Amino acid sequence: MVGATLTVIIAIVTIGFQLADPVYRTGIIGVALWYALAIIYFAAYGRKTLVFSPEEEFAVKHREGAI
């Protein structure tokens, strides 16, 4: 627990320093936008085209047959 807490504190301090520097701020904003676009794409299109593994397909068919 102490290690995880310390890691979070170090990460927050590091991000704070990066956001204070204008050069890194542009990069961080760009990466955040890229991730936001990827999440929107997955929510709108990608999740509908997922392919089940054989085990998942068996489980879904079994669950549908049991109901």
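These notes cover the structure that comes with them. Every value quoted in this text rests on a predicted model; they were computed, and no experiment measured them.

All right, on to a nonpolar patch on the surface then. A cluster of nonpolar side chains, contributed by Tyr41, Phe42, Tyr45 and Leu50, occupies part of the molecular surface with about 470 Å² of accessible area. By the element assignment, Tyr45 lies in the loop between helix H2 (22-44) and helix H3 (54-66).

Once that is clear, we can look at the packing of aromatic side chains. Overall, the coordinates contain one aromatic pair when judged by the stated rule. Residues Tyr41 and Tyr45 carry aromatic rings whose centres are separated by 5.7 Å and whose planes lie at 45° to one another, so their mutual orientation is tilted. Look at Tyr45 and you get partly exposed, because its relative accessible area is 47%.

Interhelical geometry of helix H1 (residues 2-20) versus H2 gives an angle of 110° and a closest axis separation of 5 Å. One way to sum up the angle between H1 and H2 is to call them roughly perpendicular. Counted together, Gln18, Leu19 and Ala20 of H1 and Pro22, Tyr24, Arg25 and Ile28 of H2 form the full contact between these two elements. Broken down by class, the residue content of the contact of H1 with H2 amounts to five nonpolar, one polar and one charged.

How each quantity is defined
Residues numbered from 1 in each chain as written. Predicted model: local features only at pLDDT ≥ 70, side-chain atom pairs only at ≥ 80, totals over all residues. Heavy atoms only, no water. Patch = residues over 30% accessible without salt bridge, like charges linked within 9 Å, V, L, I, M, F, W, Y side chains within 5 Å. Areas by Shrake-Rupley, 256 points an atom, 1.4 Å probe, with all protein chains shown as cover. Salt bridge = Lys/Arg side-chain N within 4 Å of Asp/Glu carboxyl O. Helix = DSSP H or I, 4+ residues; strand = E, 2+ residues; numbered from the N terminus. Phe/Tyr/Trp six-rings, centres within 6.5 Å; stacked < 30°, edge-to-face > 60°. Buried < 20%, exposed > 50% of the residue type's maximum accessible area, 1.4 Å probe, protein only. Axes fitted to C-alpha atoms, helices over the stretch in contact; angles between N-to-C directions. Parallel < 35°, antiparallel > 145°, perpendicular 65-115°, else oblique. Contact = heavy atoms within 4.5 Å. Nonpolar A, V, L, I, M, F, W, Y, C, P; charged D, E, K, R; others polar.

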